[in-house]
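A structural walkthrough
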Amino acid sequence: MSAPTRTKSLPGHAYLTDEDAVERYARLTREGCYDLLPKELFWQQRQPYLQENGYLLRPRYAPKWRPSWTGTKLDPTFCEDSILLLDYQVIDATRVSNNELVAIKYFLKDKEELHIAQFFSTIKDPLNHCVPVHQILEDPFDHESALMVMPYLRPCNDPGWSTVGDVVEFVSQTLEGLAFMHRHCVAHRDIAVANILMDAKELYPGGHHPVRLRYTPDALYRITPPPRTGHSIRYFYIDFGLSRRFSLGASPLVIGCVGRDNEVPELSDSIPYDAFKADIFALGNLWAKEFEQKYNGVEFLVPLIEVMTQRTPALRPNADQLLRQWEEIRQDVSKSKHRWRLGAKSEPALERVLNDTVAVAWEGIYHLKKFVN
C-alpha cells in the first residue's frame with residue numbers, strides 16, 4: 001500500500017508543521033507504536049476470507065498493510081488506518097454489495113447464542129428489539145467457532161440524552177423488547193447499557209467512524225449530531241452469549257453469578273433463581289442509574305424502578321405487567337414534557353435556572369410556529 005501524497009481534500013490539521021513532531025511520529029512508527037495488536041492480527045488473518053465472502057475490512061487489516069503516513073508529514077492521529085480496534089471479538093466491515101456498514105462477531109458455536117440470535121432474526125415483529133443476524137460464516141481457522149454478521153449499531157447513550165422524550169422512547173423500546181423476549185421464553189441474563197445499541201443513521205446521515213465515534217468516516221472531522229427528538233431511533237438488545245431459552249412451561253430457574261450487573265441480589269452459583277425476574281431487576285437498575293439518579297424531570301420512572309428492583313424476586317411484576325403499567329404512566333407524560341430538556345442533578349442552581357429559561361423560550365417559539373403554520 002503506497003503512502004498518499006498531499007491532496008486538496010485533506011485539511012490543514014491533518015499535517016504536521018513541526019519537523020520535530022514529524023521525526024517523533026516517524027520514530028514511534030519505526031518502534032512499532034502503531035503496529036497491529038495481537039487481537040488485530042486475528043482479524044488481519046481472516047481479511048482475505050471475509051473479502052471473498054463480500055465483506056471488506058478497513059485498510060489497516062489488509063495483509064500487507066503499511067502505515068499510510070510513512071514518509072509523509074501526515075499526522076497519524078488523523079490517518080484512519082492508525083485507529084486501533086477496541087474489542088477483539090467484534091470488528092466493523094463494509095458489505096461490498098450495498099456499501100452497508102456491518103459488525104462481525106467471533107463466537108463459539110457450542111453456546112446457545114447462535115440459536116437464540118437466529119431464532120429472533122426469523123421473527124418479523126415491531127416489538128422485536130433483538131439485533132438481526134445477516135449471515136453466519138464458518139471461521140476459516142477454527143471449526144468450533146463462527147463469525148456472525150450483524151448491522152453496525154452505535155452505543156445507546158452516545159450521543160447523550162437531551163430531552164425527557166429521549167428517556168420515554170428508550171424506556172418504551174427496551175421494555176417492549178424485554179417483554180417480547182420473555183414471551184418467547186428467552187431470558188437475556190446480561191442486560192446492561194453496553195448490551196443495548198441503537199440504529200442512529202438518522203443522526204449521522206453521512207456516517208461516522210466505527211471506532212472514533214464522534215468523527216467522520218475518514219476520521220478527519222469532528223461531528224456534532226442533531227438531538228434525537230424528531231428522529232427515528234431504534235434500540236436493540238445484543239449479545240446473547242449468556243442468554244437462556246426455555247421450553248414452554250419449563251422452570252425458569254438457573255444458577256450462576258453472570259452478567260455485567262452484579263447488583264442483582266439473587267445471583268448465586270449454587271442457589272437457583274428465576275432468570276426472568278433477574279432480567280427485570282437489571283433493566284430497572286439500568287434505568288435508575290442512567291436516568292433517575294442523573295437527571296431531574298424523570299420522576300415518573302420512580303414507581304416503575306422501585307417495583308422492578310425490589311430485593312425479593314417474587315414481588316417484581318413480569319414484563320407484560322410492567323409494560324401495561326408503563327403505558328398508563330406514559331399517557332400521563334404530556335407531549336410538551338417530551339420536549340423538555342434533561343437537567344443534570346449535578347447542575348448548579350444558577351445554571352439550571354438559566355437553562356430552564358432558555359428551554360421555556362424555545363417551547364414558546366415551538367408553539368408560535370405551530371400557530372402560524
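Scroll up to find the structure this text is about.
What comes next concerns the included structure. (Residues numbered from 1 in each chain as written. Predicted model: local features only at pLDDT ≥ 70, side-chain atom pairs only at ≥ 80, totals over all residues. Heavy atoms only, no water.)

1. Here's the deal with the nonpolar core
One finds F120, F170, W287, F291, F300, L301 and W326 to be the most contacted residues of the largest nonpolar core, which totals 74 residues. If you tally residues by element for this core, the top one is helix α5 (residues 275-292), at 11 residues. Beyond its immediate stretch of four places on either side in the chain, F170 contacts C156, W161, I196, Y235, L286, W287 and F291. Membership of the second largest hydrophobic core comes to 30 residues, among which are A21, W43, L50 and Y61. (Core = buried A, V, L, I, M, F, W, Y, C linked by side-chain atoms within 4.5 Å. Buried < 20%, exposed > 50% of the residue type's maximum accessible area, 1.4 Å probe, protein only. Helix = DSSP H or I, 4+ residues; strand = E, 2+ residues; numbered from the N terminus. Contact = heavy atoms within 4.5 Å.)

2. Quick look at the pattern of salt bridges
Within this structure, the stated rule accounts for 21 salt bridges. E40 serves as the salt-bridge partner of R60, at 2.9 Å between the closest nitrogen and oxygen. Remark: E40 occurs in helix α2 (residues 38-52) and R60 occurs in the loop between β1 (55-56) and β2 (90-95); sequence separation between them is 20 residues. Per residue, the accessibility class of R60 equals that of E40, and both read buried. Its salt-bridge partner being K345, residue E292 comes within 3.8 Å of it at the nearest N-O pair. (Salt bridge = Lys/Arg side-chain N within 4 Å of Asp/Glu carboxyl O.)

3. What about the packing of aromatic side chains?
This structure, assessed with the given rule, holds 14 aromatic pairs. With a centroid separation of 5.1 Å and an interplanar angle of 80°, the aromatic rings of F42 and W43 are classed as edge-to-face. Taken as a pair, F42 and W43 share a single burial class, namely buried. Judged by centre distance (5.0 Å) and plane angle (85°), the ring pair of F170 and Y235 falls under edge-to-face. Residue F170 is located in helix α4 (residues 164-183), and its partner Y235 is located in strand β9 (residues 234-237); the two are separated by 65 residues in the primary sequence. The class of F170 is buried, set by a relative accessible area of 0%. The structure contains a cluster of three or more aromatic residues connected by ring pairs, namely F119, F120, F180 and F240. Across from the ring centre of Y25, 5.8 Å away, lies the NZ or CZ of R24, which sits over that ring. (Phe/Tyr/Trp six-rings, centres within 6.5 Å; stacked < 30°, edge-to-face > 60°. Lys NZ or Arg CZ within 6 Å of the ring centre and 35° of its normal.)

4. Comments concerning the sheet that holds strand β8 (residues 196-199)
One open sheet accounts for three strands, arranged β6-β8-β9; its pairing is antiparallel. Each edge of the open sheet is held by one strand with a lone partner, namely β6 (154-155) and β9. Bridging between β8 and β9 involves four bridges; their strand directions are antiparallel. Within β9, the position partnered with D199 by the bridge is R234. Sitting on the sheet, α4 is in contact with β8 and β9, with an inclination near 40° to β9. (Pairing = 2+ DSSP bridges. Axes fitted to C-alpha atoms, helices over the stretch in contact; angles between N-to-C directions.)

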